[in-house]
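Architecture and fold: a report
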Amino acid sequence: MEVTCLLLSMVLLVLALAISIFAFKHSSHSAKNLPPGSLGWPIFGETLDFLFGKPEKFVSDRMKRYSSDIFKTKILGEETAVICGPGGHKFLFSNEQKLFTAFRPHAMQKIFRSYQAAAPAQAQIPREAESKILRSPGFLKPEALVGYLGKMDSITQLHMQTYWEGKDEVKAFALAKTLTLSLACRFFLGSDDPERIARLVSNFDDMTLGMHSIPLNVYGTTFYRANKAAAAIRKELRIIIDEKRAGMSKGAQVQDILCHMILATDPSGKHMAEAEIADKIMGLLVAGYSTVATAMTFFMKNVGERPDIYAKILAEQIEVAADKKAGELLDWNDIQKMKYSWNVMYEVMRLTPPLQGTFREALTDFTYAGYTIPKGWKIYWTVSTTNKDPQYFPDPEKFDPSRYDDEKVFPPFTFVPFGGGPRMCPGKEYARLAILTFVHNVVKRFRWEVAFPAEKIAGDMMPTPEKGLPIRLQSRQAERLAYF
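We now examine the overall build of the protein. Each helix and strand in the protein was counted, giving 19 helices and 12 strands. Counting all 484 residues of the protein, 51% fall into the buried class. Counted over contacts in the protein with a minimum sequence separation of 6, partners at least 24 positions apart contribute 72%. Entry remark: accessible area of the protein is about 22800 Å², with carbon and sulfur atoms responsible for 57%.

Listed below in C-alpha cells is the structure:
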C-alpha cells in the first residue's frame, strides 16, 4: 500500500512539475506578440492531432481558424510557428542561415546521429564543413548525373524484367521501393547486390515510418521499430564501408559518394568516423528512396485511373523510343523530350506531396506578418499551404497536367515541390531522372488499371497506400512489335 501511495505521489509530482513548466513558458512568452494559435496540452502539445489527423488537414484547419499567414502550435515536443502561403515560402527561402537553420525532429536526430551518442567526447565535423564534404564532388549536379543515366535505365529495365513482366497483378508501392533502393544503392554505394537490397528494403520501411514519430523507445512503438531497423541498416553499411576501404587499398577507383566520404577530410585534415559515415549514408539513401518511390507509386495510381492521360504519355514515350537504336539506353536529350510526362509528375506531386514538410529553427527573434517568433522556436514549412488553394489552382482536386503547359501563369512561390533557396532539394535532378526513366520503361511495356480505386491512403508525413496499390497489368508486347 505504501509503495502504491509513493508511486502515485511521484506521478502527481511529475504532472505538477510539467504543468508548472508549461505555465512558466506560457507566461514567459506572453510578453511577446506571438502568432495566434494554441500550444495544446502540456508536454504533448498538438502532436497527436498533427500525426494522426494528417499534417495537411492539421495545417489547413488552423489556417482557416487562426490565420492564412502564420499560426503557432506545439508539435513533436517543440513550440512551432507554421508560416504559410507564397509569402511564407519566399520569406523562408530568402532567410536560410540568416534567421533560421535546418532542424531535425528528435526522432530523426536519434536515428541519424547515433555516432554522436556513441562517442560524445569525440570532436565532430562542423555542420558547414560536413555540408561541403557531401556536396563538393558534385555527384548530384546534372552534368555528373548524365553519366549515370544509362546505368539508371539498365537497372530499371532489369527491374521490369524481374518483377513486372509476366505478372497479371503487382503491388506498385513495394516494387517502386525496391527499384528506388536499387538505384540509390548503386548511385551512393556502388552496390547492386540484389540480396543485400532485399535485406535493406524492409528495414528502410520501418525506419522511415519512425522518422516523425514520438521518440519513445519502448517495445512495440513505431520509434522502437525504427531504431531497431536503423541499427540493422547501420550494421550492413559498416560491412560495405569495410569492403570499400579494402577495395580502395588495392587500387579500386573512387566512383561513388561512399568512396568520396571515406576519403574526404575537413579543413583540419580530419576524416569522418566510420559510424558517422554510416549514419550520413543512411540519410542519403532515405532521401533517394522513400520520396521517389512515393512519387512513382502515385503516378501509377493517377495515370491508371485516367486512360486519356496515359495515351498522351504513351505517345510521348513512343516518340522518344522511335529515335533510339535497338538496345540503346536513354540519354540526356531523351529526358528533355519528356515534357508532358514531367507535367504529369508535377500534378502527382501537387495532389500527393511525397513529403509533407520540413522543420527549421529560429536563430534569433524575428518578425513575420506582424508577429514575433522567439529564438529557438521551430518553423514548420509545408507545400500544402498553397498546393490546393483554388486561387492558384482552379478546381484544385482535379488531376490536370495541362496546368503546367505555361508555368509562368503561377505567381512566384505558389508551386515549390522541391523547396527553394539555399536548401532546395539537392536531389531534385536525381529524382527527375529516376522518375522519368521509370515512366519511360513502365509505359512502353504495360497498360494498367488500379485494383482498388478507393484504397485508403495512410501515413502521416509520408503518404502510404494501405494495400500497397495493387494494379492489374496488361502487356503491350503486341503493340510494341507493331511500332518497332
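In a beta sheet, neighbouring strands are held together by backbone hydrogen bonds and run either parallel or antiparallel to one another. Pairing is mixed in the open sheet, where 5 strands are placed in the order β1-β2-β8-β5-β3. Each edge of the open sheet carries a strand with a single partner, namely β1 (70-75) and β3 (100-103). Taking the axes of each pair of neighbouring strands and ignoring which way they run, one obtains an average angle of 35° across the sheet. Where strand β5 (residues 357-362) lies against strand β8 (residues 378-382), 5 bridges are found, and the strand directions are antiparallel. The residue bridging F359 from the neighbouring strand is Y380, located in β8. Packed onto the sheet, helix α3 (residues 55-65) meets β1, β2 (78-83) and β8 and runs at close to 135° relative to β1. Sheet strands in contact with helix α4 (residues 85-94) are β2, β3, β5 and β8, and its direction is about 125° off that of β8.

What follows concerns the pattern of salt bridges. Tallied over the full model, the rule gives 30 salt bridges. Measuring nitrogen to oxygen at the nearest pair gives 3.4 Å for the salt bridge that ties K388 to E56. In this pair, K388 is assigned in the loop between α17 (384-387) and α18 (428-445) and E56 in helix α3, connecting sequence segments 332 residues apart. Residue classification places K388 among the partly exposed positions, given a relative accessible area of 25%. Classification of E56 as partly exposed rests on a relative accessible area of 22%. D323 is the partner of K337 in a salt bridge, and the nearest nitrogen-oxygen pair spans 3.3 Å. Linking K337 in the loop between α15 (332-336) and α16 (339-351) with D323 in the loop between α14 (307-322) and α15, this pair joins segments that are 14 residues apart in sequence. Residue K337 is classed as partly exposed on the basis of its relative accessible area, which comes to 38%. Assessed through its relative accessible area of 53%, D323 is described here as exposed. The network of salt bridges with shared partners includes R196, R199, E236 and E243.

Parameters at a glance
Residues numbered from 1 in each chain as written. Predicted model: local features only at pLDDT ≥ 70, side-chain atom pairs only at ≥ 80, totals over all residues. Heavy atoms only, no water. Helix = DSSP H or I, 4+ residues; strand = E, 2+ residues; numbered from the N terminus. Buried < 20%, exposed > 50% of the residue type's maximum accessible area, 1.4 Å probe, protein only. Contact = heavy atoms within 4.5 Å. Areas by Shrake-Rupley, 256 points an atom, 1.4 Å probe, with all protein chains shown as cover. Pairing = 2+ DSSP bridges. Axes fitted to C-alpha atoms, helices over the stretch in contact; angles between N-to-C directions. Salt bridge = Lys/Arg side-chain N within 4 Å of Asp/Glu carboxyl O.

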